[in-house]
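So you can see what is in the structure, the chains are spelled out below.
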Amino acid sequence: MEKPNSLPFFLCVIVLLLHVSNSQATTSRDSIYHTFLQCLQSHRNQQDHFSNIVYAQANASFTSVLRAFARNARFTSPFIQKPLLVVTPVSEHHVQATVVCAKSIGVQLKIRSGGHDFEGVSYVSQAPFVILDMFNFQSVTVDLQNEIAVIQAGASLGQVYYRIWEKSKVHGFPAGACPTVGVGGHLSGGGYGNMMRKYGLSVDHVVDAKIVDVKGRILDKATMGEDLFWAIRGGGGASFGVILSYTVKLVAVPERVTVFQVDKTLEQNATDLVVQWQQVAPHTDDRLFLRLVLQPVVKGQKTIRASVEALFLGEANEVVTLLGKEFPLLGLKKELCHEMGWIDSVVWWANYNDGSSVNALLDRNHYSVHSNKRKSDYVQTPISRNGLIWIWKKMTELGKVELVFNPYGGKMNEVPSDATPFPHRAGNLYKIQYTVSWQEAGAAAEARFLSQIRMLHSYMTPFVSKNPRSAYFNYRDLDIGINSHGKDNFQDGQVYGIRYFKKNFERLVKVKSEVDRENFFWNEQSIPSYPIKA
Ligand SMILES: Cc1cc2nc3c(=O)[nH]c(=O)nc-3n(C[C@H](O)[C@H](O)[C@H](O)COP(=O)(O)OP(=O)(O)OC[C@H]3O[C@@H](n4cnc5c(N)ncnc54)[C@H](O)[C@@H]3O)c2cc1C
Ligand SMILES: *[C@@H]1O[C@H](CO)[C@@H](O)[C@H](O)[C@H]1NC(C)=O
Ligand SMILES: *[C@@H]1O[C@H](CO)[C@@H](O)[C@H](O)[C@H]1NC(C)=O
């Protein structure tokens, strides 16, 4: 079973550290506002007006600013510790001054872009903290001549896709399916989507980046050096600095793509479908992404519904012929396929079943916020028919937890596992995402659903990767190890670090120790720096 989080212990240690190591530190809420503002003013440029960008708890719009990009209702309850301040920079210089001041005052800095962290790590902490909220950094500049885009960290993926589409119908970018996800977390932590088998991850297309480091300097690829540039393409930005922007290479998309969804319950032989899916989805044509969603449902009786959701970078006739041969149990017919432009496939994949137009991709509040918890696993050998039947039984008993199988293969097999910090390349057939979402309020409901997802994850042990049992960093999961020693997190870091990054963890620690030796940029699952010997 999982190691329980020792939160009370965690809290004590942090508060203690803060008092010991920072004589200037103050946890008094009124004075922190003035202290922080004064510090910012002392670093001002001619045009800077800091009083417009700092929200203390007493400010009328504090709660709405805090909640605007808090995308998990588990972390918006009144019992959750609030930041001392939310700083909402509008210029790069604001970001530099915020880093310098948080460091000199001795408060923890949490960086938020899209706020989609599954454990709220960008906007919750047990230590006294300040949020640096990047939502004003939303510009996406597309340069078709060079087939690149400069994307600011606070942009959403929907904005990225929309701005590319405005300029070209035959260019796209491989990133996540959910348009409200932020670039700052998504790209710094890997970023995968339905073009992964053709083009790999988002980070495989990053050609430059701009970051504010712990000294408040703005660095780009040339000045940050190869190691740091490597680290912020999958190792998470928040351990290394504040990402201002990424420059990415665009990819080619055909004028017409095809999407479809096919559902089958157990009574319709879903088990055979899943057996065949495992043989086909990780090995088929790179242009084809066949996501498999498995949900416990009641259809007269309790059953499992298996849904195959697909994107094919080509026309319907071709994919119908291909799957007729490779995946006959799917029974794909031309009538089930929808041909459309790439951007419309983005809207389709976003589950905007409400007739939304392409403009909806710009809407950052399109989804309502529920409570949720996610976990992840990697599968390297197909699960047997009997294994699947046993899993269905467990899922039906639990009742609420869903599994999503995302097929790898294609380009994912070609990129070396140390090319970026993201280590899950060749040898992985698919990734499992565990998901449970709920609307019921209260601790009892939360405890029930968290226990369900943890149980299913535990039942899955025989079927998934081992030594380490690996996990996807961007599917943040504090169950797999939490930093309970604050800045001094070297021991804790080994636990989650190996599972997210495997052999790449070592290089991440080395980079971290070079660029942020004192571990100013730390959080619950940050990359630790080598212990400083007294
Ligand atoms: C509904 C939903 C769908 C998702 N779908 C996918 C998917 O299809 N594919 C996929 O790969 N992932 C997916 N994810 C996971 C997503 O990629 C991660 O949660 C990602 O980290 C979110 O980025 P963010 O900027 O929105 O989050 P935030 O909560 O703002 O940040 C996440 C982490 O990154 C850090 N960070 C944020 N901005 C910066 C910055 N500018 N500089 C330095 N550090 C920063 C934060 O401090 C935090 O540690 C999904 C998440 C959700 C909630
Ligand atoms: C917060 O409140 C202070 C004091 O009333 C005010 O001066 C400041 O402008 C407010 N900040 C914002 C961002 O509105
Ligand atoms: C399920 O499989 C059985 C055995 O192969 C077959 O006879 C039956 O027609 C299938 N049912 C459906 C709904 O496809």
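Below is a summary of the structure that appears in this document. (Residues numbered from 1 in each chain as written. Chains lettered and ligands numbered in written order. Predicted model: local features only at pLDDT ≥ 70, side-chain atom pairs only at ≥ 80, totals over all residues. Heavy atoms only, no water.)

**Quick word on the site of ligand 2**
Logical step 1: Around ligand 2 lies a shell formed by Tyr33, Ser51, Asn52, Val54, Tyr55 and Asn59.
Logical step 2: The separation between a nitrogen atom of ligand 2 and a polar main-chain atom of Val54 is 3.4 Å.
Logical step 3: Residue Asn59 places a side-chain N or O atom 2.4 Å away from an oxygen atom belonging to ligand 2.
Logical step 4: If ligand 2 stood free it would expose 360 Å²; the protein chains cover 51% of that surface.
Logical step 5: Considered class by class, the residues forming the shell around ligand 2 number 3 nonpolar, 3 polar and no charged. (Near = heavy atom within 4 Å. Polar contact = N/O pair within 3.5 Å; in protein donor to acceptor, adjacent residues only side chain to side chain. Areas by Shrake-Rupley, 256 points an atom, 1.4 Å probe, with all protein chains shown as cover. Nonpolar A, V, L, I, M, F, W, Y, C, P; charged D, E, K, R; others polar.)

**Details of helix H11 (residues 316-326)**
Logical step 1: Taken together, the buried positions of H11 are occupied by Ala316, Val319, Val320, Leu322 and Leu323. Each buried residue of H11 lies within a common arc of 165 degrees when the element is viewed along its axis, so the set occupies one face. (Buried < 20%, exposed > 50% of the residue type's maximum accessible area, 1.4 Å probe, protein only. Helix = DSSP H or I, 4+ residues; strand = E, 2+ residues; numbered from the N terminus. Arc of directions from axis to C-beta.)

**Let's talk about the packing of aromatic side chains**
Logical step 1: This structure, assessed with the given rule, holds 23 aromatic pairs.
Logical step 2: When the ring of Tyr472 is compared with that of Tyr475, the centres are 5.0 Å apart and the planes differ by 65 degrees; the resulting orientation is edge-to-face.
Logical step 3: Site record: aromatic cluster; members linked through ring pairs are Phe118, Tyr192, Phe422, Tyr472 and Tyr475.
Logical step 4: Seen from the ring of Trp165, Lys169 lies directly overhead, with NZ or CZ sitting 4.6 Å from the centre.
Logical step 5: For the cation-ring pair, Lys394 lies above Tyr459, with the distance from its terminal atom to the ring centre recorded as 4.8 Å. (Phe/Tyr/Trp six-rings, centres within 6.5 Å; stacked < 30°, edge-to-face > 60°. Lys NZ or Arg CZ within 6 Å of the ring centre and 35° of its normal.)

**Description of the pairing of strand E10 (residues 242-249)**
Logical step 1: Burial analysis of E10 places 7 of its 8 residues in the buried class, which makes it a mostly covered element.
Logical step 2: Pairing between strand E6 (residues 148-152) and E10: 5 bridges, direction antiparallel. From the neighbouring strand, Val150 faces E10, where its bridge partner is Thr247.
Logical step 3: Where strand E8 (residues 206-212) and E10 come together, 6 bridges link them in antiparallel fashion. (Pairing = 2+ DSSP bridges.)

**As for the sheet that holds strand E2 (residues 85-87)**
Logical step 1: The strand order across the open sheet formed by 4 strands is E1-E2-E4-E3, and the pairing between neighbours is mixed. This sheet does not close on itself; its edge strands, each paired only once, are strand E1 (54-56) and strand E3 (108-112). If you compare each strand with its neighbour and ignore which way they point, the axes differ by 20 degrees on average.
Logical step 2: Sheet analysis places E2 next to strand E4 (residues 129-133), joined by 3 bridges and oriented parallel. Across the sheet, residue Val87 finds its bridge partner in E4, namely Leu132.
Logical step 3: Contacts from helix H4 (residues 92-105) reach E2, E3 and E4, with the element oriented near 150 degrees to E3. (Axes fitted to C-alpha atoms, helices over the stretch in contact; angles between N-to-C directions. Contact = heavy atoms within 4.5 Å.)

**A look at the site of ligand 1**
Logical step 1: The immediate surroundings of ligand 1 are formed by 30 residues, with Ile111, Ser113, Ser122, His186 and Tyr472 found nearest.
Logical step 2: Side-chain polar atom of Arg476 to an oxygen atom of ligand 1: 3.1 Å apart, as the coordinates give it.
Logical step 3: In isolation ligand 1 exposes 950 Å². Once the protein is present, 93% of that is buried.
Logical step 4: Only E3, helix H6 (183-188) and E10 provide two or more residues apiece to the shell around ligand 1.
Logical step 5: Broken down by element, the residue count for the shell around ligand 1 peaks at 3 residues, all from H6.

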